[in-house]
Structure formats: structure tokens, C-alpha cells
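# Tertiary structure, described
Okay, here's what each chain looks like letter by letter:
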Amino acid sequence: MNRASNRAEYRASPHSTEPRQPAEQRFEQAHLYLVQLDPQTVVDGVRYDDTYLADDIRTCGTMRETCPVCAEGHLQLVLRQKSVRVPHLFCLECTRCFGAFLEDGTPALIE
């Protein structure tokens, strides 16, 4: 290493006593534990035979997690809205709802 790069690094972070780490090492992705939820507890809707129907529910994005039941697609994030009581993850393929929890049992989706 040349001295010039050491000085530049020191000036950029004069109060740091720890060695610098690459960004990949500083931020670890949290592992989520998924628990299947009864749709009646999270969404206002109507049950027809073995199906549960709800009106106008929007997903807010695709997650990196895949459905633990069907393993077909990535789960969709559903936040609270008019007919959604609890934020959750939803599988478009098998239409199941999941709660997401961190390793210590804390809910990953905060209301």
C-alpha cells in the first residue's frame, strides 16, 4: 500500500478505530422466518368453498424470499391498506399469506 492512499482513507474517516470493510461485509442480509397465516386474520374478505376473496389489495413489491409451500415464485409485500389489517407477504402462485419474523422472533413487517 502506498502512503498517499492511507492518508486519504484516514482523512475520510478520522474518528474510526476499526479497519474499513467492504460494503458486502458490513451489511448482512437478515434471514426471515415465515409463518403461514390464515387469510381471514389479515385481510377483510369472504370465504367461498376453499378460496378466500378480497377486494382491491395492492402488493408493494417483490421480495427475495420464495414461497415455502409451492416454491414457485417470489413473495409479494402487502402493506396495511383499506382491507388489509396486518402487513404480510403473499404468494401469487398458491395465494397463501405469510408473516415474516427475524431470528429473535421480532416481526419483520412493522405496522
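One can find the structure itself at the top, above this paragraph.
As a further point, take the side chain of His88. Positionally, His88 belongs in strand 6 (residues 88-90). Those residues in contact with His88 that lie beyond four places of it in its chain are Leu37, Val42, Val43, Gln76, Leu77, Val78, Cys97, Phe98 and Leu109.

So, about the pairing of strand 7 (residues 97-101). Strand 7 sits mainly inside the fold: 4 of its 5 residues count as buried. Where strand 1 (residues 33-37) lies against strand 7, 5 bridges are found, and the strand directions are antiparallel. Each residue of the ladder has a partner; that of Leu37, found in strand 7, is Cys97. Sheet analysis places strand 6 next to strand 7, joined by 2 bridges and oriented antiparallel.

Most often, soluble globular proteins keep nonpolar side chains buried together rather than apart. Ranked by size, the top nonpolar core spans 9 residues in total: Cys67, Leu75, Leu77, Leu89, Cys91, Cys94, Phe98, Ala100 and Leu109. Sorting the residues of this core by element identifies strand 5 (74-78) and strand 7 as the ones contributing at least two each. Beyond its immediate chain neighbours, meaning those up to four positions away, Leu89 contacts Leu34, Met63, Leu75, Gln76, Leu77, Arg96, Cys97, Phe98, Ala100 and Leu109. Of all hydrophobic cores here, the second largest spans 7 residues; its members include Val43, Tyr52, Val84 and Cys97.

What counts and how
- Residues numbered from 1 in each chain as written.
- Predicted model: local features only at pLDDT ≥ 70, side-chain atom pairs only at ≥ 80, totals over all residues.
- Heavy atoms only, no water.
- Helix = DSSP H or I, 4+ residues; strand = E, 2+ residues; numbered from the N terminus.
- Contact = heavy atoms within 4.5 Å.
- Buried < 20%, exposed > 50% of the residue type's maximum accessible area, 1.4 Å probe, protein only.
- Pairing = 2+ DSSP bridges.
- Core = buried A, V, L, I, M, F, W, Y, C linked by side-chain atoms within 4.5 Å.

That is the geometry; function is a separate question.
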